Amino acid sequence: MENIPLYKDASQPVEARVEDLLSRMTMEEKIGQMTQSYGGEYASEEEYVAAIRAGKIGSRIGCDTPWAGSAPVKGINVVQSNAHQKVAVEESRLGIPLINGRDIIHGHRTVAPIPLAQAASFDPEEVKASARTAAIECSAQSIHWTFAPMMDICRNPRWGRVIETLGEDPYLAEEMAVAMTQGFQGDDQTKEDCIAACAKHFAGYGYCEGGRDYDASEISRGTLHNVVLRPFKAAVTRGKISTIMTSFQDNGGTPSSSSNFLLREMLREGWGFDGFVVSDWGSIQQVELWGAAQDKKDVVRKCLLSGVNMEMINNLYPKYVAELVAEGEVPQQIVDDLVRGILRIKFRLGLFEKPYVDIEERAKDIRKPEAIAAVRKQAANCMVLAENNGILPLEGDALKGLRIALVGPMVNERRSMGGAWNTGGFTEEFTTIHEAFKEAEKKYGFKLIVHDSELWDAQVRTAAFLADMIICCVGEHCDMTGEMPSISKYRLPLGQDDLIEAVRTTGKPFVVVCTSGRPLPVPGARDFADALLYSWHGGGETARAIVDVIFGEAEPTGRFPITVPEHEGQIPIYYGRKIPGKVVECNKDRFNKERKGQLDKPWIYGSYEYFLPMYPFGYGLSYTEFALSDIKLASAEIPYGGTNKVTAVVENIGNRAGTTVVQCYLADPRCMISRPCKELIGFKKLRLEAGEKREIEFEIGEPAMGFYDENGVRHVEAGEFKIGVGFDSDVELDMSFTMAK
Ligand code: GLC
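Residues numbered from 1 in each chain as written. Predicted model: local features only at pLDDT ≥ 70, side-chain atom pairs only at ≥ 80, totals over all residues. Heavy atoms only, no water.

> What is the right way to look at the overall build of the chain in this model?
The secondary structure content of the chain amounts to 23 helices and 26 strands. Over its C-alpha atoms the chain spans a radius of gyration of 27 Å, differing by no more than 12% from the 27 Å that the globule rule assigns to 741 residues. Each of the three principal axes of the chain carries a C-alpha extent, and together these read 80 × 65 × 50 Å. Sorting the 741 residues of the chain into buried and exposed places 61% on the buried side. Across the chain, the mean location of the 83 positive side-chain charges is 1 Å away from that of the 105 negative side-chain charges. (Helix = DSSP H or I, 4+ residues; strand = E, 2+ residues; numbered from the N terminus. Rg over C-alpha atoms; globule rule 2.2 N^0.38 Å. Buried < 20%, exposed > 50% of the residue type's maximum accessible area, 1.4 Å probe, protein only. Lys, Arg positive; Asp, Glu negative; His and termini not counted. Charge placed at Lys NZ, Arg CZ, Asp CG, Glu CD.)

So this is what it looks like as structure tokens:
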């Protein structure tokens, strides 16, 4: 190799390249690597490019506002991106490439279902494949790093960003977070279609009080260790994730961006994380706004000492880092270590070897037909069928000439199909429900009726006279979800419950389709409709997937990844609750009787309306019926530290092939601390032919049986454990075994 500096020699080990490059860098160049810019801080592109040339910028964030997900989709100027990279690589003193980051949350140009919907699929392999496609597409447009997966546990779906989460359960979130990370990062990060992933928001953002975005959270150390941190630990230790993003909020007095506990004790010392931490947009400056620092300089000091490698916007690092080091407030070693983390990821990504995108060559990777087909199938797999009296799927001769009316606000809605955090998809490429049914009319032979007015009174009246059945399309606009739009009333948007009542009074058979980000309660559908399908904001192909499901081409195989409250008065409500010390008998049957007015006297413990959600975590119907039998534990007693196994036979007792999700829950009823009444420890999604039986098994052992105490020390305690296997979290834990001392 001709005489090139060691750091430019790809045959050298990454750590050697990091040290060699670091040893050549000035303080200003080190601070430049710690600075992420969106370009808008500069008066002109020339000034921005000059800053790149001077080594003052280490990363570009590909969005134009703090709310990338909600920003008007403008696409990426890949030519400009290559040009900026050329300045960094060929005109700056050390030629360190930029790392381009962007919110590739659920697909890029081929928009996939929102992450909450993807979690509903209970299918990590499909989620991984979806993230892989997103990585291929965004890397073809100069993106090296996505600010995903978001893995905040959320138990308050009023929060707009619940749509970006993987639900309420730590086990499901772990499995999905690892799958997404592996999909984004691929099997060899030096490959040009593999990108860096980012576990966010570290940590506890989903517990913002009242579901009010950006509000403080109060999370006990026990809940932090046993719930909130679990997906992050899995992403770091199992997913080998490259980066972490801190969260805006303050937890118990410490903003996450200045939390030594989170960023040093847990992340680096506890889990061995060796990538880099980026702040959220301005979250370093917000430490001062929380009042948790004397001034901006003190903020920078705290965030450096805590271990935030890179500042997303606001540029406080360039103002104060050198001064703090010169004054001895922050050791040089701390800054060098933070820069090491950034350089390490840039070397691992192969950015020094392949800094540019071959735009023409990679254009073939954008919106491939197979990618579009895959997100259409994924959208169906995420959909949750909540009610069905057998009306669905519509198929066979009965369809010929059947007059189907579409009514409601989502009939012609296009933008919302893509969901709130769609930064790469073009709305005009999404299909509306109206268009999808129109496309399918000839194929299935039905007659579509859609009034040409958006006024529901005319739509319903027409349907009443002309239709044999009605599909009522309700839901929420994507602008009501995502960053900032938390809601106070947890119900359908105003008027839609009345619409459903109007449809009911027509006396026609009707199906309700809820196209939303949050799983909103639809009591009118639960009580009176023939079927209720939650389609989610399922990506660019949502509408076609709804048609596929309605007419039986595809099956809705989703299960709720979050409890669906009856109304906001129940929130927070989730399956893995503690059993109240003063035992309130949460008897579902009694609650159901009360709800239907069948109880002979009011119940002193309070009404069903507080305790009985609309739908439990893990619930969803199939197009066929399944039964479980021969559920057996391998051992009634196991040695300390041993494992057990539970087997069961799943049978498709219906008359058509179908898919179900069998779930295994565990409880540790006697423990040194109080534990949830049950916790998901395993799930199996399987498709069986009519009449087919299959034996499945769940391994029971660490880490399912253990827990953390409030100091983060892990324990597995001898004693009784209870187990339940079923089709949702309402399962009874009717088996038990003992672990010996
Ligand atoms: C936003 C979000 C974060 C996102 C970042 C960049 O404010 O909180 O999730 O990745 O800014 O758009």
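> When you look at the site of the ligand in this model, what are you seeing that I'm missing?
Lining the immediate surroundings of the ligand are 14 residues, of which D103, R161, K200, H201 and D280 lie closest. Within the contact set of the ligand, an oxygen atom lies 2.7 Å away from a side-chain nitrogen or oxygen of R161. Calculation on the ligand without its partners gives an accessible area of 310 Å², and the protein chains cover 100% of this total. Along the lines of polarity and charge, the residues of the shell around the ligand split into eight nonpolar, one polar and five charged. (Near = heavy atom within 4 Å. Polar contact = N/O pair within 3.5 Å; in protein donor to acceptor, adjacent residues only side chain to side chain. Areas by Shrake-Rupley, 256 points an atom, 1.4 Å probe, with all protein chains shown as cover. Nonpolar A, V, L, I, M, F, W, Y, C, P; charged D, E, K, R; others polar.)

> Would you take a moment to explain the sheet that holds strand β3 (residues 99–102) for this structure?
Hydrogen bonds between backbone groups are what pair the strands of a sheet, and the pairing can be parallel or antiparallel. Strands sit in the order β4-β3-β2-β1-β10 across an open sheet of five strands; the sheet is parallel. Of all the strands in the sheet, the pair left with one neighbour each is β4 (145–146) and β10 (311–312). As paired strands, strand β1 (residues 35–37) and β10 are joined by two bridges and run parallel to one another. In the sheet register, Q36 faces β10, and the bridge partner there is M312. (Pairing = 2+ DSSP bridges.)

> Can you walk me through the sheet that holds strand β17 (residues 626–633) in this structure?
Across the sheet, three strands lie side by side as β17-β19-β22; this open sheet has antiparallel pairing. Two strands lie at the open edges of the sheet, namely β17 and β22 (693–700), each paired on one side alone. With strand direction ignored, the average angle separating the axes of adjacent strands in the sheet is 20 degrees. As paired strands, β17 and strand β19 (residues 644–652) are joined by six bridges and run antiparallel to one another. Counterpart to S629 in the pairing with β19 is V649. (Axes fitted to C-alpha atoms, helices over the stretch in contact; angles between N-to-C directions.)

> I tried to follow the nonpolar core on my own but got confused; where do I start?
One recurring pattern in soluble globular proteins is that nonpolar side chains are buried together. Residues F202, L304, V512 and Y534 are the most contacted members of the largest nonpolar core, which totals 152 residues. Apart from residues lying up to four places away in sequence, Y534 is in contact with M383, V384, A386, C514, P519, L520, P521, V522, F560, V564 and Y615. (Core = buried A, V, L, I, M, F, W, Y, C linked by side-chain atoms within 4.5 Å. Contact = heavy atoms within 4.5 Å.)

> So what exactly am I meant to see when it comes to the packing of helix α6 (residues 124–139) against helix α7 (residues 170–185) here?
The description of two helices packed together rests on the angle between their axes and the distance between the axes. Running from N to C, α6 and α7 point in directions that differ by 35 degrees, and their axes come no closer than 7 Å. The two elements α6 and α7 meet at a crossing, and its hand is right-handed. On α7, the residues touching P124, V127, K128, A131, R132, A134 and A135 of α6 are E175, M176, A179, M180, Q182, G183, F184 and Q185. Of the residues belonging to the contact of α6 with α7, the class tally is nine nonpolar, three polar and three charged. (Left-handed = near helix turned anticlockwise from the far one by under 90°.)

> What should I look at first to understand the packing of aromatic side chains in this one?
Both the distance between ring centres and the angle between the ring planes are used here to describe each pair of aromatic rings. For the coordinates displayed, the defined rule picks out 27 aromatic pairs. For the pair Y7 and F352, a centre-to-centre distance of 6.2 Å together with 85 degrees between the ring planes defines the contact as edge-to-face. Of this pair, Y7 sits in the segment before α1 (14–24) while F352 sits in the loop between α14 (332–348) and α15 (359–362), and the two are 345 residues apart along the sequence. Judged on exposure class, the residue Y7 and its partner F352 are both buried. Note on Y214 and F248: the rings are 5.2 Å apart at their centroids and 85 degrees apart in plane angle, and the pair reads as edge-to-face. Here the residue Y214 occupies a position in the loop between β5 (198–202) and α8 (221–228), and F248 occupies one in the loop between β6 (243–246) and β7 (250–251), the gap between them amounting to 34 residues. Classification of F248 as buried rests on a relative accessible area of 7%. The structure contains a cluster of three or more aromatic residues connected by ring pairs, namely F122, Y171, Y575, F617, Y665 and F683. Stacked on the ring of F426, the Lys or Arg R109 has its end atom at 3.9 Å from the ring centre. (Phe/Tyr/Trp six-rings, centres within 6.5 Å; stacked < 30°, edge-to-face > 60°. Lys NZ or Arg CZ within 6 Å of the ring centre and 35° of its normal.)

> Even after reading the chapter, I still don't get α6, so can you show me in this structure?
Taking 1.5 Å of rise per residue, the 16 residues of α6 would be expected to cover 22 Å, and the 22 Å separating its terminal C-alpha atoms lies within 8% of that figure. If you check which residues of α6 are buried, you get E126, V127, S130, A131, A134, A135, E137, C138 and S139. On its buried face, α6 is in contact with α5 (115–120), α7, α15 and α16 (369–382). (Expected span 1.5 Å × (residues − 1).)

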